[in-house]
Structures are given as structure tokens and as C-alpha cells.
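Summary of the model geometry
What follows is the residue order along each chain.
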Amino acid sequence: MIETERLILRPWQESEAEMLYKYASDPDIGPIAGWPPHTSVESSLEIIRTVFAAPETYAVVLKETGEPIGCCGIMFADGLHSAEMKSGEAEIGYWIGKPYWGQGLIPEAVKALLARSFNELNLNNVWCGYYDGNTKSKRVCQKCGFKYHHTNSDITSPLGDKRTEHFYVMTKEEYLNER
């Protein structure tokens, strides 16, 4: 469990499938990040049991209400990720329910994951990527101190369409110098 000022990052629980569905079924959430909207509480439960069971995958829980309102995680080279990574590197991914957009909650969560990545997991580089047009994810990268690295064009997203993906990176040295 990771605690920030307003959030608790902790593993998803199967009993939260309905809450996950509430936000992950919104067509404005998943497709821009490359995944389909959830179609049922049962599909959300299956995601909790499989995708969200990966190490370092967290429910973004609002301390004020105790409700999971999004998801974030640290993905390694041997798991599901987009960046071309070497040993000692990871990629951070995230999303949050639409009612919570623009409140700085995901940057708060990502900064906590960066601290874990560099201080506890002893990673050398952390990547963050987003698809063209996902300006909210771009802003998270910038707010959290990631630096633009490169763009890959004409790549196939998990939805099967061709997209352009932009990659940002933060080195451990940059992280330590910013603190």
C-alpha cells in the first residue's frame, strides 16, 4: 500500500468490480488509452482477476470516500507494456474516472509510483507513453517531470487500430536531482 496526501494506492479487490465498471465502462476512458470500455460488471471482475492482479498494479482510492476511482501501475519488461525497455526499467500507466479529471489526482499517484520505482525498486529509468490526442496523459507526463524521448508512428494499439505513440522518460539521476 502507498499513501499520498489524498490517495491510497493498493491492490484491487474482487468486491470492487462494480465500482471499476462504473468508471471503466465510460467510452471516454479506455479507448483513448488503447483498451475497450468494460461491457459488464463480470468483465470488470475478470480484469481485476487477471490484468489488475499483476505486481505493482494499484487501485487509486480516494481517502475521503474509500472508493477506487482509477488505476495505476508500474509495468516491467516481462509484462504488458508499450515502451521498449531494458532490464532495470519500467513503464508507468494510469487512468482515472471522468468525474475526477483535472484535480491533479493522477499526477499525485504517478509521483508516488516514481518514488517507489527509484527509491524502493531501484530502477534506472521509468517510461511513460500516451497515444496521439490524449492531451490529459501528456500533461501528466509533463507535470511529473518526464522528458520527451521519442515517437513511434503507425503502431497497432491493443484495440487493433494504427496509432502514434509518444514516449517520455525519467532517469534515476533526473529524479534524484529534482528532489
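See above for the structure.
My aim in this report is to walk through the structure given alongside it, one point at a time. Given the structure is predicted, the values throughout are model-derived calculations rather than measurements.

**Regarding the overall build of the chain**
- Secondary structure assignment for the chain yields six helices and eight strands.
- Ordering the α and β elements of the chain from the N terminus gives β-β-α-α-α-β-β-β-α-β-α-β-β-α.
- A globule of 179 residues ought to have a C-alpha radius of gyration of about 16 Å, and the chain, at 15 Å, matches this closely.
- For the chain, the proportion of contacts with a sequence separation of at least 24, taken over those separated by at least 6, is 62%.
- Just so you have it, the chain exposes about 9100 Å², and 50% of that area is on carbon and sulfur atoms.

**Notes on the packing of aromatic side chains**
- If you walk through the whole model with that rule in mind, you get six aromatic pairs.
- An angle of 40° between the planes, with centres 5.8 Å apart, marks the rings of tyrosine 130 and tyrosine 168 as tilted. You can see tyrosine 130 sitting in strand S6 (residues 125–131) and its partner tyrosine 168 sitting in strand S8 (residues 162–171), a full 38 residues away along the chain. The residues tyrosine 130 and tyrosine 168 share a single accessibility class, namely buried.

**So, helix H4 (residues 105–120)**
- Counted at 1.5 Å a residue, the expected span for H4 with its 16 residues is 22 Å, and the 22 Å between its end C-alpha atoms agrees.
- Taking burial as the measure, the 16 residues of H4 include 12 buried ones, the bulk of the element.
- What H4 keeps buried is the set Leu105, Ile106, Pro107, Glu108, Ala109, Val110, Ala112, Leu113, Leu114, Arg116, Ser117 and Phe118.

**Some remarks on a positive patch on the surface**
- The grouping of Lys111, Arg139, Lys143 and Arg179 at the surface amounts to a positive patch.
- Residue lysine 143 is classed as partly exposed on the basis of its relative accessible area of 45%.

Reading the values: rules and limits
- Residues numbered from 1 in each chain as written.
- Predicted model: local features only at pLDDT ≥ 70, side-chain atom pairs only at ≥ 80, totals over all residues.
- Heavy atoms only, no water.
- Helix = DSSP H or I, 4+ residues; strand = E, 2+ residues; numbered from the N terminus.
- Rg over C-alpha atoms; globule rule 2.2 N^0.38 Å.
- Contact = heavy atoms within 4.5 Å.
- Areas by Shrake-Rupley, 256 points an atom, 1.4 Å probe, with all protein chains shown as cover.
- Phe/Tyr/Trp six-rings, centres within 6.5 Å; stacked < 30°, edge-to-face > 60°.
- Buried < 20%, exposed > 50% of the residue type's maximum accessible area, 1.4 Å probe, protein only.
- Expected span 1.5 Å × (residues − 1).
- Patch = residues over 30% accessible without salt bridge, like charges linked within 9 Å, V, L, I, M, F, W, Y side chains within 5 Å.
- Salt bridge = Lys/Arg side-chain N within 4 Å of Asp/Glu carboxyl O.
- Lys, Arg positive; Asp, Glu negative; His and termini not counted.
- Charge placed at Lys NZ, Arg CZ, Asp CG, Glu CD.

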